[in-house]
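Inside the fold
Given next are the chains, with one letter for each unit.
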Amino acid sequence: MLRDGVPGSGGAIIAARKQTNGRGRNKRYWHSPEGGVWVSYILESELKKISPGLLSMAAGIAARNEINKFLPGTQIKWPNDCIYNGKKVAGVLIESIVEDGMLKSVVGIGINTNTQDFDYVIDGDNVPIHQRGRHLSEIATSIKRETGVTVDNVSMICNLSQELDKFYFLARVVPDAVCRSYTMKLAYVASQVMVYKRNKYCYDAKLIGVDTSGMLNVERIDTKEKVTLVDEEIFG
C-alpha cells in the first residue's frame, strides 16, 4: 500500500478479526486467532519531524497504556513488546519507507485481549534459541487469561487509536517527553538482560535506557563496554 501510493491511505485504520499469516519481529509467526485486537495504522509525516525510532516509542506507549487499564504494571520490553509478569501480551511491528522527504509507515499492533489458545510448542530457526521447544503459554498471555474479563475489542481499538494519535503528535512536537514516558514504562532498567542477535545469544548486559532515536543503551557485564543496540533483542 505504501509503495503503490494508494490515494488517501495516510490516516487509514485496518482491523481484522483474525490473521492467518500474522508476522512479528524478524519475520516470526504471530499467533493471532479470533478474539484478539489486530490492527494496522497507515501514518505519514515529514521525516524531519519524526524518526522511525520515535514512532516506535509512541506506538509502544499507546499499546502499553491501553493494556495497563486491565493489567496494571504492564511494561514495555524494548523495542515495543508489552509484557505482564514477564509474559508477552502485545507486540508492535512497524514497516516504513521514505519517499520525497516523507516517512510513510504501517504501524501494526497486536494485543492478546480475549485470546485463550496458547497450548502449542513454538520452534523453528527464527525463534530465539532459549525459547525453542517451549509452550507458548510459558512466554505469552492475554488480558482474559489473566483477569477473566472479556474485553470489548471495538472499544479497545477506538481508545488505542486515540492514544496513538496523542503520542504520535507529541513525538513530532516534544520528542523528549515521549522518550521520558517510554523510559518510565521500560522493563529491566538497571537489570541484567541477555542480548540476542539473529536469534542467537551474544552476551549479558545491564540495561541503561533509550535515547531519543529509540536505540537501547546497555553495558556489557563481561567487558563493562557501553553498547548501543539497534537490531538486537533483549530477554530478561
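Everything in this summary refers to the structure shown in the same document. Computed from a prediction, not measured in an experiment: that's the story for all the values here.

**Some details on the overall build of the protein**
Secondary structure summary: the protein contains 4 helices and 11 strands in total. A total of 236 residues make up the protein; the buried ones form 47% of that total. Considering only intrachain contacts with a sequence separation of at least 6, the fraction spanning at least 24 residues in the protein is 61%. When the accessible area of the protein is evaluated, it comes to approximately 11,700 Å², of which 50% is carbon and sulfur surface.

**Describing unusual backbone geometry**
In the segment running from Trp78 into Pro79, the intervening peptide bond is cis, with an omega of 5°. Its location among the elements puts Pro79 in the loop between β3 (75-77) and β4 (81-84). Positioned with a positive phi, Asn85 is a non-glycine residue whose angle comes to about 50°. Note on placement: Asn85 falls in the loop between β4 and β5 (87-99).

**Section: the packing of helix α1 (residues 52-68) against helix α4 (residues 175-184)**
For the pair α1 and α4, the least separation of the axes is 10 Å and the interaxial angle reads 50°. Taken as axis vectors, α1 and α4 run oblique relative to one another. Judged by the twist between their axes, the crossing of α1 over α4 is left-handed. Contact with α1, carried on its side by Leu54, Met57, Ala58 and Ile61, involves Pro175, Val178, Cys179, Ser181 and Tyr182 of α4 and no other residues of that element. Here the contact of α1 with α4 is composed, by residue class, of 8 nonpolar, 1 polar and no charged.

**So, the side chain of Ser56**
Inspection of the secondary structure puts Ser56 in helix α1. Here Ser56 falls in the buried class, since its relative accessible area comes to 14%. Residues in contact with Ser56, not counting those within four places in the same chain, are Pro79, Asn80 and Ile94.

**Let's talk about the packing of aromatic side chains**
According to the stated counting rule, one finds 2 aromatic pairs in the structure shown. Plain terms: the ring middles of Tyr196 and Tyr201 are 5.9 Å apart, the flat faces sit at 75° to each other, and that makes the pair edge-to-face. Relative to Phe235, the ring of Tyr196 lies with its centre 5.3 Å away and its plane at 80°, an arrangement referred to as edge-to-face. Here Tyr196, found in strand β7 (residues 192-197), pairs with Phe235, found in strand β11 (residues 233-235); they are 39 residues apart in sequence, far enough to count as distant. The same class applies to Tyr196 as to Phe235, namely buried. An aromatic cluster of at least three residues, connected via ring pairs, comprises Tyr196, Tyr201 and Phe235.

**Concerning α1**
The terminal C-alpha atoms of α1 lie 24 Å apart, and with 17 residues this matches the ideal 24 Å at 1.5 Å per residue to within 8%. With respect to burial, α1 is a largely interior element, 16 of its 17 residues being buried.

**Observations concerning the pattern of salt bridges**
One pass over the structure, following the stated rule, counts 9 salt bridges. Asp81 is the partner of Lys88 in a salt bridge, and the nearest nitrogen-oxygen pair spans 3.3 Å. For Lys88, a relative accessible area of 23% gives the class partly exposed. Across the pair Asp231 and Lys197 runs a salt bridge whose closest N-O atoms are separated by 3.5 Å. On the criterion of sequence distance, the pair formed by Asp231 in the loop between β10 (226-229) and β11 and Lys197 in strand β7 is long-range, its members being 34 residues apart. Given the relative accessible area of 29%, Lys197 is considered partly exposed. Sharing partners across several salt bridges, the network here consists of Glu46, Lys48 and Lys49.

**Notes on the sheet that holds strand β2 (residues 37-46)**
Strands belonging to one sheet form pairs held by backbone hydrogen bonds; the direction of such a pair is parallel or antiparallel. A sheet is described by the order of its strands in space; here 6 strands give the open sequence β1-β2-β6-β5-β4-β3, paired in antiparallel fashion. Looking at strand neighbours, the two that pair on one side only are β1 (13-16) and β3, the edges of this open sheet. Pairwise comparison of adjacent strand axes, ignoring direction, gives a mean angle of 20° for this sheet. Pairing analysis gives 10 bridges linking β5 to strand β6 (residues 102-111), with the strands arranged antiparallel. Among the inter-strand pairings, Glu99 is bridged to a residue of β6, identified as Met102. Along the sheet, helix α3 (residues 153-173) contacts β1, β2 and β6; its crossing angle with β2, the most-contacted strand, is approximately 25°.

Basis of the calculations
Residues numbered from 1 in each chain as written. Predicted model: local features only at pLDDT ≥ 70, side-chain atom pairs only at ≥ 80, totals over all residues. Heavy atoms only, no water. Helix = DSSP H or I, 4+ residues; strand = E, 2+ residues; numbered from the N terminus. Buried < 20%, exposed > 50% of the residue type's maximum accessible area, 1.4 Å probe, protein only. Contact = heavy atoms within 4.5 Å. Areas by Shrake-Rupley, 256 points an atom, 1.4 Å probe, with all protein chains shown as cover. Axes fitted to C-alpha atoms, helices over the stretch in contact; angles between N-to-C directions. Parallel < 35°, antiparallel > 145°, perpendicular 65-115°, else oblique. Left-handed = near helix turned anticlockwise from the far one by under 90°. Nonpolar A, V, L, I, M, F, W, Y, C, P; charged D, E, K, R; others polar. Phe/Tyr/Trp six-rings, centres within 6.5 Å; stacked < 30°, edge-to-face > 60°. Expected span 1.5 Å × (residues − 1). Salt bridge = Lys/Arg side-chain N within 4 Å of Asp/Glu carboxyl O. Pairing = 2+ DSSP bridges.

Purely spatial values, then, with no claim about function.
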